[in-house]
Amino acid sequence: MRSLIAVSLGLLIPFIFADAQVISGRITDNSGLPMAAASVYIQELHQGTTTNNDGYYEITLPAGTYNVSYQFLGYTPVVKTFTVTTETIVADITLNEQLFEIPPVRVSASGRDPAYYIMRKTIGMAPYHMNQVKMYRAEVYIRGGGSVDRIPEMVKKRMKIEANEGELQEGRYYFSESVNIITFNAPDKYVHRVISSNSNFPSGEDQASPMDYLEASFYQPVLADIAISPLAPTAFSHYKYTFLGSSSQGDFVIDKIRVTPRRKSQQLFSGVIYIVEDLWAIHSLDLTNENLAGNVRVRQLYTPVEEGIWMPVSHQFDLGISVMGIRARASYTSAVKYLEVEPDRSVSLPVTYYAYEEAEGNEAGKTKEQREIEEILSKDDLSARDMSRLSRLNTRNARRDEVKPPLEIEERTTYIIEEDATRKDTSYWTEVRPIPLTEEETATISVVSATGEPLVHRDTSTLTLTIGPGSDDGKKSAAASLVRDLALGKKMKLSKEAYLDFEGLADLKRFSFNTVDGFVAGTGMSLSVKAGQDGRFTLAPSAEYAFSRRRMMWNLSANLLYDPLRSGNIYFRAGRHSDEFSPSGVNPLLNTVSSLLFRENWMKLYNSTYLITGNRVDLANGLNLSLSAMYELRQPLTNNATFSIFSRSRPWTGNIPDNPFVNGDGNIQDQLQIFAHRHLSFTSVLTYTPRQRYRLTGTAKINAGSDYPTFALTWKHGYNYNDTLSGHYDLVMADISRTARYGPMKEFRWRIRGGLFFRKENLQLQDMYFFNTQASPVLINNYEDAFYLKPYYSVSSPDAYAEGHMRYTTPMLVLKRLPGLSSTLTRENMSLAVLWTPDYGCYYEAGYSVSEIFFLAEIGVYAGFRNRSFEAVALRLTLRLN
């Protein structure tokens, strides 16, 4: 539950004052009802707080005279002046609903709702507001709590969460609060110093942090990598806006806009947003997102902290979670004090259309982008093209002085936790807590003695998940544990630097059936040991038994990571097992089901006894060289199994691939014969990704994508021989690919590959280039760059070949516009796959699919064409069971 809370969290902040006085009271509406999360803000100190759920507030101030602003979304602000001396001031405030009037004449030239004019201006200015602050430092008091109100009995029995202090209890209220200092430096660096923290959550892990939302903003197009902001450049495709009126607030005019999704979607918000006219900045918002887990309501209030800079000073997050019969609630709120705010003077404020004429005489110092921005803002009615152009210009204006970012991606947030952060006593929290506790929070908060020592010490270093009903006394016998570990496997920490992962004797991933081996069952293990200062050595043996062949199959893999910073590793593999003729092959689970139930034995195998060794290393950032050598004894196999559940009278197909170069349909001089032979090969692969971004974790380097394609060049030299025949061949292959992501849940993936065999002496079927054909109507896991309508092993080339693949994925295309599907997180895909060989000619498939169905399925329709003739159309269902 807390991880969901943490993802939806926001910018939240406090203050600490010694020897100061207090202003406290209660905020209610005109009917006397308490107003939870109302904002109390002191302009002179850039400091604020909010009311608790009962409407009470409390703020500590040094002596002086202050203008205190009381605000709540949709209500008229009240400003009071107080002189703080040595007396506690009690100020109860009543807020009246604010009247937002629609002016008699406020219609755009096009006759559209004026909300669209206002939002076009605001969306166009969003990049400016995102980049107008160069640095700020703030104190943040964040508090939150929640409870799991209902856990179904079945879930209770199947999952039990244990911690040293106890279990997550149904109906118990959990509460946490912290005082933090947040320092921001543009464009995206944060230092988060935890001054103090208090919590009664059962585990110290995964505590809520204000940074998740602090690093986000509704000025950003996408929040939490999935939700589309009402201020995104593409917002008009997703939202409808309604003008609800304007109201004066001091020197500003505030516009009230209703935000309505054009379709029901878990990516969209609904609610109200308030805009400051002329600045086209957010004044406040009250937006709700409905998703599979429940509802997330976000309320934010902005205030001017510097001239022209409005920043959030109040946040309230309410979550209602309802999933799989589990019901939970949670809420987070904050108090903010900005200690320092430094505007970015290099980002120029565009002139609004009101001041455009006055600024015409000051053109000399303006950039081309600034003049275009002012020209667009001078229009009374902005088109969609104007709005899009304005957004791009503001982004370019904000980034014009930026240099290319470094390739190393550093962590955006540095966490510093004070040594005594969790040992503050009760008197400390009474003094610094700006939001009074409610009765529910008072009853559940952890109590700490005046000495700073916790009354109860919680060891939360471990979290154990117990699956199954368990025994009454919670203890398991050694014999039962041994049987379970032998059957299901176990991960063991042998020492500080060594780990053993045993798969278990009943490992279903190694259970399969094919007509050559019959039923196959086996197990494996992996031993990982630290090697040297930063390296790691891994040894992974495995064994499987083929019941119909009565043959033990085995594999041994060894890998030495000797240079983590350069991804340098040496590997060795040896074994004896049945292998497929095509590298893409048939999924073993699919072949098991098709063989046993329908007597369709798609998988074709030969016996492989092999030895492989190789080395991979980065020659430079983005440039990787892989060298490998292989010896293999290849022997033909025949069908041995006779068992199937259904269709037993139907004969098996022979253990020979349905391939034109084997059955004589290929345009070659001689039909290939499958016979025993030995194979030697050497392969080199050079891969290059320009401007490859990366992260450093300790001494290891992790690649993190690039804005450029990845180029790969492969050369393979092979030699096949037996007692009567021998010959060499060479293969050269080039590959270019890229996956680009655009906005929320959108991506475009493409790959172009081509190759050529030359000096083709004694080239065997296993050496040909096989295209990835996947003919099953139901597929397991994802297949990239596949052809879905051609039989397994049916398309290959011993000569030249080429193929290309494109796939565009978007959350909204055709079917997602329907009411029943628009509220889901499914995505739509369009794909095109093309291949060519001199013998086969040109073949291409066009497809449309819907993916992420219940997060595990994709269903699509594909049409195949050969040269200019239509061949076939079919549905395909893909299940992702990884």
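Definitions and cut-offs
Residues numbered from 1 in each chain as written. Predicted model: local features only at pLDDT ≥ 70, side-chain atom pairs only at ≥ 80, totals over all residues. Heavy atoms only, no water. Helix = DSSP H or I, 4+ residues; strand = E, 2+ residues; numbered from the N terminus. Buried < 20%, exposed > 50% of the residue type's maximum accessible area, 1.4 Å probe, protein only. Polar contact = N/O pair within 3.5 Å; in protein donor to acceptor, adjacent residues only side chain to side chain. Contact = heavy atoms within 4.5 Å. Pairing = 2+ DSSP bridges. Salt bridge = Lys/Arg side-chain N within 4 Å of Asp/Glu carboxyl O.

## A look at the side chain of Arg749
With respect to the secondary-structure elements, Arg749 resides in strand β38 (residues 747–758). Here Arg749 falls in the buried class, since its relative accessible area comes to 14%. Here the side chain of Arg749 touches Asp785 through a polar contact of 3.2 Å, side chain to side chain. Aside from chain neighbours lying at most four places away, what touches Arg749 is Arg738, Thr739, Glu784, Asp785, His805, Met806 and Arg807.

## Description of helix α10 (residues 588–598)
Restricting attention to buried positions, one finds in α10 the residues Leu590, Asn591, Thr592, Ser594, Ser595 and Leu596. The secondary structure elements touched by the buried residues of α10 are β26 (512–514), β27 (518–531) and β40 (778–780). With a side-chain oxygen positioned 2.9 Å from the backbone nitrogen of Leu589, the residue opening α10 is Asn587. One or two steps after α10, the chain reaches Arg599, where phi turns positive at roughly 55°.

## Here's the deal with the pairing of strand β29 (residues 551–563)
As defined by bridge partners, strand β28 (residues 535–546) adjoins β29 across 11 bridges and the pair is classed as antiparallel. By the bridge assignment for β29, Ala543 is matched with Trp554. Here nine bridges tie β29 to strand β30 (residues 568–580), and the two strands are oriented antiparallel to one another. Of the residues in β30, the one forming a bridge with Ala558 is Phe572.

## What to know about the pattern of salt bridges
Inspection of the entire model under this criterion finds 29 salt bridges. Taking the shortest distance from any N to any O, the salt bridge between Arg143 and Glu441 comes out at 2.3 Å. Taken as a pair, Arg143 in strand β9 (residues 133–150) and Glu441 in helix α8 (residues 439–444) lie far apart in primary sequence, 298 residues in all. Judged on exposure class, the residue Arg143 and its partner Glu441 are both buried. Put simply, Arg634 and Asp767 hold a salt bridge, and the shortest N to O gap is 2.9 Å. One end of the pair, Arg634, is in strand β32 (residues 623–636); the other, Asp767, is in the loop between β38 and β39 (769–770), with 133 residues separating them in the sequence.

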